[in-house]
Number of protein chains: 2
Amino acid sequence: MAGYVQDDIPADELDRQRALYGPFTDALRALVDAGIRTEVDDDEVRAVQAEVEALTERLRRRQLEGAYGVRFSNDGQGRAWGNAVVGLRNAVAPPLVVEQEDDSGRVWADFHLGAAYEGPPTLVHGGVSALILDQVLGQAAGAGKRPGMTGTLTLVYRQGTPLGPLRAEAWIERTEGIKTWARGHILGPDGVTVEAEGVFILPRWARKALAERDSADRAPRFFE
Amino acid sequence: MAGYVQDDIPADELDRQRALYGPFTDALRALVDAGIRTEVDDDEVRAVQAEVEALTERLRRRQLEGAYGVRFSNDGQGRAWGNAVVGLRNAVAPPLVVEQEDDSGRVWADFHLGAAYEGPPTLVHGGVSALILDQVLGQAAGAGKRPGMTGTLTLVYRQGTPLGPLRAEAWIERTEGIKTWARGHILGPDGVTVEAEGVFILPRWARKALAERDSADRAPRFFE
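Predicted model, so just to flag it, every value in this text is computed and none were measured.

Chain A puts 81 residues into the contact, and the matching count from chain B is 82 residues. Of the roughly 7500 Å² buried where chain A meets chain B, counting both sides, 61% is carbon and sulfur surface. Taken together, the connections running from chain A to chain B amount to eight salt bridges. Notably, a salt bridge pairs Arg58 of chain B with Glu51 of chain A, separated by 3.5 Å at the nearest N-O pair. Mapped by element, the contributors of at least two residues to the side of chain A that touches chain B are helix 1 (11-37), helix 2 (42-59), helix 3 (126-143) and strand 6 (149-157) of chain A. The element contributing the most residues to the side of chain A that touches chain B is helix 1 of chain A, with 15 residues. Two strands pair when backbone bridges link them, and strand 6 of chain A and strand 6 (residues 149-157) of chain B are joined in this way by five bridges, in the antiparallel orientation. Paired with Leu153 of chain A across the bridge in strand 6 of chain B is Leu155 of chain B.

And the structure:
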């Protein structure tokens, strides 16, 4: 409950913010990638470092005290802009843009993973696959009006996941009261690389709110 | 096999590189954090973005074609500097510094997770816990001379993991041929937050090399 913020920000203001922060965070992601791969000489690395530190100081002149949290507009649309997988403002996130067609709970994302997500050479870190599938399975549960926090998550690694273009898919298997079972996988050029199944549990504070929304037949979308 | 590189870089040269890239990547991590939390006005965000893009161009004047890969020095010490959890040069990594006392396979890490690792408000993203535990369990297997790629990984989420100071521990449960079973957990201020168990499988190309090393009684350390 702590940190979920309902704000009054109107749609056109949100569009403005997206247009501002989207490219800004993409620029940070490219810098992170260059930081891993650069072979420029030491003096240049130190010079760039000094400039990076100066930019951080400028950004910190006014900043949130803590992390971004999760925010909701008046229409119930959630903004998880600090989220480690989908966050518009988080350069750690690839990011994934998770799509859904309807409220059936089936979701997918097409995305690209570069050097920052490496584990074994040229392959995606097994834990990054887990990170992505946790988010996507959780969003499947949410897309089916059954959001929740991860209770358990199991991953089966069938083959290496190559860095590069990938797709993640997830869907709801079944629900029972406050629990939702979801499954999903990551697909690479050679088919399924990692499979996942998870149980997501509606947190206590959300149960009442969701009962009310279910009766109003309006599905809150928790992630953006 | 692709991407594991044996190079001849001497110890003092490696120290020099660590002293150069460690603080450089820390500076990038701070910039990522500031990027999530900044509240400076739009013009300033755009101005910083332009400078970030210019720095990326400077770094890219000379860079690796692909990702960092995993490199070994003459003494068998592995350098996974691009690794998404422990990479010295990877601003996506917190980073973790994974420690071990001996070759028993028990490892641990004390680390701090900030805004970039957020899932539910003020809590670590469930998938980030999975990412970290995949790495640490895999290193337990490696520390016990039984490195491997993740076969399966199961996580049980007991309570929310608060952003801030945390500890991860992992150990080997048992080994059978090419498989190693490892367990571990993340500890927060209120005890165990996430538990993990995984099976790690020695990749084909490593089996012969490891048989030789086992007989020489010298344990390769795969991660740094």
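Turning to the relation of the copies chain A and chain B, a few remarks are in order. Superposing chain A onto chain B takes a rotation of 180° combined with a translation of 0.0 Å along the rotation axis, leaving an RMSD of 0.0 Å. Such a combination of turn and shift is consistent with a two-fold rotation axis. For chain A, the residue whose C-alpha comes nearest the rotation axis is Thr154 of chain A, separated from it by 2.1 Å.

Right, let's get into the environment of Glu212 of chain B. Residue and element names in this part refer to chain B. Locating Glu212 in the fold gives a position in helix 4 (residues 204-216). Taking the relative accessible area as the measure of exposure, Glu212 reaches 45% and is therefore partly exposed. With 163 residues separating them in the primary sequence, Glu212 and Gln49 have C-alpha atoms 52 Å apart.

Pairing is antiparallel in the open sheet, where 12 strands are placed in the order 4(A)-5(A)-7(A)-8(A)-9(A)-6(A)-6(B)-9(B)-8(B)-7(B)-5(B)-4(B). Edge positions in the sheet fall to strand 4 (99-100) of chain A together with strand 4 (99-100) of chain B, since each of these pairs with one other strand and no more. Relative to strand 7 (residues 164-176) of chain A, strand 5 (residues 107-113) of chain A runs antiparallel, the two being bridged by seven bridges. What sits directly across from Val107 of chain A, in strand 7 of chain A, is Ala170 of chain A. Relative to strand 6 of chain A, helix 3 of chain A is tilted by about 130°, and along the sheet it contacts strand 4, strand 5, strand 6, strand 7, strand 8 (179-188) and strand 9 (191-201) of chain A together with strand 6 of chain B. Most of the contacts of helix 3 (residues 126-143) of chain B go to strand 6 of chain B, to which it runs at about 130°, and overall it touches strand 6 of chain A together with strand 4, strand 5 (107-113), strand 6, strand 7 (164-176), strand 8 (179-188) and strand 9 (191-201) of chain B.

Once that is clear, we can look at the nonpolar core. Residues Leu96, Ile132 and Leu155 of chain A together with Leu96, Ile132 and Leu155 of chain B are the most contacted members of the largest nonpolar core, which totals 110 residues. Setting aside chain neighbours within four positions, we find Leu155 of chain A in contact with Ser129, Ala130, Leu133, Val194, Glu195 and Ala196 of chain A together with Gly151, Thr152, Leu153 and Leu155 of chain B.

The final tally for this structure, using the stated rule, is four aromatic pairs over all chains. A cation over an aromatic ring shows up here: Arg71 of chain A above the ring of Tyr68 of chain A, its NZ or CZ 3.7 Å from the ring centre.

All names here are of chain A. Taken domain by domain, chain A holds domain 1 (1-91) and domain 2 (96-209). The C-alpha centroid of domain 2 is placed 23 Å from the C-alpha centroid of domain 1. Listed by partner, the interface residues are 10 residues for domain 1 and 10 residues for domain 2. When domain 1 packs against domain 2, close to 820 Å² is buried across both sides, 69% of that on carbon and sulfur atoms. At the junction of domain 1 and domain 2, the tally comes to zero salt bridges. Our count for the contact surface shared by domain 1 and domain 2 stands at two residue pairs in polar contact (both at pLDDT 80 or more). For the side of domain 1 that touches domain 2, the element with the most residues is helix 1, which contributes four residues. A class-by-class count of the residues in the side of domain 1 that touches domain 2 yields seven nonpolar, one polar and two charged.

Where helix 3 of chain A meets helix 3 of chain B, the axes come as close as 7 Å, and the angle between the chain directions of the two elements is 165°. Classified by the interaxial angle, the pair formed by helix 3 of chain A and helix 3 of chain B is roughly antiparallel. Here helix 3 of chain A runs over helix 3 of chain B; the crossing is right-handed. For the pair helix 3 of chain A and helix 3 of chain B, the contacting residues are Gly126, Gly127, Val128, Ala130, Leu131 and Asp134 of chain A in the first and Gly126, Gly127, Val128, Ala130, Leu131 and Asp134 of chain B in the second. Looking at side-chain class alone, the contact of helix 3 of chain A with helix 3 of chain B contains six nonpolar, four polar and two charged residues.

Looking now at the environment of Leu166 of chain B. Residues and elements named next belong to chain B. Along the chain, the position of Leu166 falls in strand 7. For Leu166, a relative accessible area of 6% corresponds to the buried category. When the C-alpha atoms of Leu166 and Gly191 are compared, they prove to be 9.7 Å apart, with 25 residues separating the residues in sequence. Setting aside its immediate chain neighbours within four residues, Leu166 contacts Ala109, Asp110, Phe111, Leu113, Val124, Thr161, Ile186, Leu187 and Gly188.

Bringing the pairing of strand 8 of chain A into the picture now. All names here are of chain A. Burial analysis of strand 8 places seven of its 10 residues in the buried class, the great majority of the element. Sheet topology places strand 7 next to strand 8; nine bridges connect them, and they run antiparallel. Note on strand 8: the bridge partner recorded for Glu176 is Lys179. Hairpin geometry of strand 7 and strand 8 is characterised by an intervening segment of two residues between the two adjacent antiparallel strands and by a positive phi of about 65° at Gly177. The pairing of strand 8 with strand 9 spans 10 bridges and is classified as antiparallel. Bridging from a neighbouring strand, Lys179 pairs with Ile201 of strand 9. Hairpin geometry of strand 8 and strand 9 is characterised by an intervening segment of two residues between the two adjacent antiparallel strands.

The rules behind the values
- Residues numbered from 1 in each chain as written.
- Chains lettered and ligands numbered in written order.
- Predicted model: local features only at pLDDT ≥ 70, side-chain atom pairs only at ≥ 80, totals over all residues.
- Heavy atoms only, no water.
- Contact = heavy atoms within 4.5 Å.
- Buried area = accessible area lost by both parts, 1.4 Å probe.
- Salt bridge = Lys/Arg side-chain N within 4 Å of Asp/Glu carboxyl O.
- Helix = DSSP H or I, 4+ residues; strand = E, 2+ residues; numbered from the N terminus.
- Pairing = 2+ DSSP bridges.
- Least-squares fit on C-alpha atoms with pLDDT ≥ 70 in both.
- Buried < 20%, exposed > 50% of the residue type's maximum accessible area, 1.4 Å probe, protein only.
- Axes fitted to C-alpha atoms, helices over the stretch in contact; angles between N-to-C directions.
- Core = buried A, V, L, I, M, F, W, Y, C linked by side-chain atoms within 4.5 Å.
- Phe/Tyr/Trp six-rings, centres within 6.5 Å; stacked < 30°, edge-to-face > 60°.
- Lys NZ or Arg CZ within 6 Å of the ring centre and 35° of its normal.
- Domains from an automatic or database assignment.
- Polar contact = N/O pair within 3.5 Å; in protein donor to acceptor, adjacent residues only side chain to side chain.
- Nonpolar A, V, L, I, M, F, W, Y, C, P; charged D, E, K, R; others polar.
- Parallel < 35°, antiparallel > 145°, perpendicular 65-115°, else oblique.
- Left-handed = near helix turned anticlockwise from the far one by under 90°.

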